[in-house]
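# Notes for the structure review
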Amino acid sequence: KTYTVTEIRNIKENKGLIEIKLPDTITRISEWAISQNYDLRRINFPESLRIIEEGAFWGCTSLKKLELPACGLCKCAFAFCEGVTKLVMTGVTSIGDEVFKDLKSLKSVVLPPSIEEIGPRTFSNCTKLKTIILNEGLQSIDLGSFDNCGIEELFIPKSVRSIRGYSSLSRLKSIFVDTDNEKYCSVDGVLYSKDMSSLEYCPACYEGEFIVPDGVKTISNCAFYYCENITKVVIPDSVEYIGSESFEGCNNMQTVIIGNGVREIGEEAFKWCEKLSSVVFCNGIERIEERAFKNCRSLVTVELPSSIQRYS
């Protein structure tokens, strides 16, 4: 009898295994199937392949090149493949969480138009990754996808409709948005909603004084997350809400001037702003949520206006 091989299940932890040749009938590589083959250097991915399941190649540290066909990639599929220097994803249909986590030799990535969403921590700890090209077709981005990467500039295509999450992108200098994007725009490298009513995200490398543009109503959650080079922030009267963790980790920020329009400051908004010594509250603020100024060790005294109704 003749049997067609369509799935690879368990050939993990084989010392001395250098190369694997897969037949063109393979449609599935099962979870953890080839993981921890530390000596594996080469493997082909046939066009018949449709899915690579969770952790399938986890810890294959000697792999150098990944040329993937039109298939789905599940969580941690190639995590800790630290030797990979080339990644080609022609036609890849989906990417799960932490798929390429800790690919510490990877320097550049091109996402194909077939990918609509990038989930949390997809490229986290890819410390040498400086360039990523996001093509049209991408609709949703979790900024945590790029946590602890070396990316300096991020270009948002026209098709993107959702940007969420936050990231420790310590080298990020600017975010640029396609002018035809209907949901977002960028000004001086900072990300805003298209109508400029919400400040969404400020790159970590922004330096000096930041004056929030007049007309902005909301400073989003984690908008200035660990912007360690900002020294002063001026918030205009148009702002009504300062989001949770919005200025967390801005540990060189010394002064914050809060406009008359602000009604609420979210949880942990200024947490770990260690040099913050001056906060000016104007009339109008009503709520300061829990731990808003936690670990602000230089903040000795605060004068609250009579409008305040709740603080924790």
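Structure shown above.
Residues numbered from 1 in each chain as written. Predicted model: local features only at pLDDT ≥ 70, side-chain atom pairs only at ≥ 80, totals over all residues. Heavy atoms only, no water.

### With respect to the overall build of the protein
If you tally the helices and strands in the protein, you get zero helices and 28 strands. Once the C-alpha set of the protein is aligned to its principal axes, its extents read approximately 85 × 40 × 30 Å. Long-range pairs, those at least 24 residues apart, make up 21% of the contacts in the protein between residues at least 6 apart in sequence. Positive and negative side-chain charges in the protein, numbering 36 and 43 respectively, have mean positions lying 7 Å apart. (Helix = DSSP H or I, 4+ residues; strand = E, 2+ residues; numbered from the N terminus. Contact = heavy atoms within 4.5 Å. Lys, Arg positive; Asp, Glu negative; His and termini not counted. Charge placed at Lys NZ, Arg CZ, Asp CG, Glu CD.)

### Some remarks on a nonpolar patch on the surface
A contiguous nonpolar patch, built from V302, L304 and Y311 and spanning about 290 Å² of accessible area, is present on the exposed surface. If you trace the backbone, Y311 turns up in strand 28 (residues 310–311). Looking at Y311, the relative accessible area reads 57%, which means it is exposed. (Patch = residues over 30% accessible without salt bridge, like charges linked within 9 Å, V, L, I, M, F, W, Y side chains within 5 Å. Areas by Shrake-Rupley, 256 points an atom, 1.4 Å probe, with all protein chains shown as cover. Salt bridge = Lys/Arg side-chain N within 4 Å of Asp/Glu carboxyl O. Buried < 20%, exposed > 50% of the residue type's maximum accessible area, 1.4 Å probe, protein only.)

### Comments concerning the nonpolar core
If you look at the biggest cluster of nonpolar residues, it comprises 58 residues, and the most contacted ones within it are I29, I52, F57, L68, F78, F100 and F123. Residue assignment for this core shows that the elements contributing at least two residues are strand 10 (108–111), strand 12 (131–134), strand 14 (153–156) and strand 16 (174–177). Residues within four places of F78 in sequence aside, it is in contact with F45, I52, F57, L66, L68, L73, V99, F100, K101 and L103. With 36 residues, the next largest nonpolar core counts Y192, A223, F224 and V262 among its residues. (Core = buried A, V, L, I, M, F, W, Y, C linked by side-chain atoms within 4.5 Å.)

### Some details on the environment of G83
Tracing the backbone through its elements, the reader meets G83 in the loop between strand 7 (72–73) and strand 8 (86–88). Among the residues examined, G83 registers a relative accessible area of 8% and is labelled buried. G83 sits 21 residues away from K104 along the chain, and the two C-alpha atoms are 7.1 Å apart. Not counting residues up to four positions away in its chain, the partners in contact with G83 are T61, L63, K64 and S105.

### Focus on the sheet that holds strand 5 (residues 51–52)
If you walk across this open sheet you meet the five strands as 1-3-5-7-9, and the pairing is parallel. Either end of the sheet is taken by a strand with one partner, and the two such strands are strand 1 (7–8) and strand 9 (94–95). As judged from the two bridges shared by strand 1 and strand 3 (residues 28–29), these two strands associate in the parallel manner. What sits directly across from I8, in strand 3, is I29. (Pairing = 2+ DSSP bridges.)

### So, the packing of aromatic side chains
Going through the model one piece at a time under the given rule, you end up with 16 aromatic pairs. Grouped by ring-pair contacts, the aromatic residues Y206, F210, F224, F247, F270, F281 and F293 constitute a single cluster. (Phe/Tyr/Trp six-rings, centres within 6.5 Å; stacked < 30°, edge-to-face > 60°.)

### A closer look at the pattern of salt bridges
If you walk through the whole model with that rule in mind, you get 16 salt bridges. With a closest N to O distance of 3.9 Å, R164 and D142 form a salt bridge. Here R164, found in strand 15 (residues 162–164), pairs with D142, found in strand 13 (residues 140–142); they are 22 residues apart in sequence, far enough to count as distant. Using a relative accessible area of 11% as the deciding quantity, one classes D142 as buried. Between E290 and R291 there is a salt bridge whose closest N-O contact spans 3.0 Å. Among the residues examined, R291 registers a relative accessible area of 34% and is labelled partly exposed. Overlapping salt bridges bring together E267, E268, K271, E290 and R291 as one network.

### Re the state of the cysteines
Counted according to the given criterion, the structure contains zero disulfides. Free cysteine: C273, not disulfide-bonded; nearest cysteine sulfur from C250 at 5.1 Å. (Disulfide = S-S within 2.5 Å.)

### Things to note about a positive patch on the surface
Where like charges cluster on the molecular surface, the positive patch consists of K107, K128, K130 and R171. As for its placement among the helices and strands, K128 is situated in the loop between strand 11 (117–118) and strand 12. We classify K128 as partly exposed; its relative accessible area is 47%.

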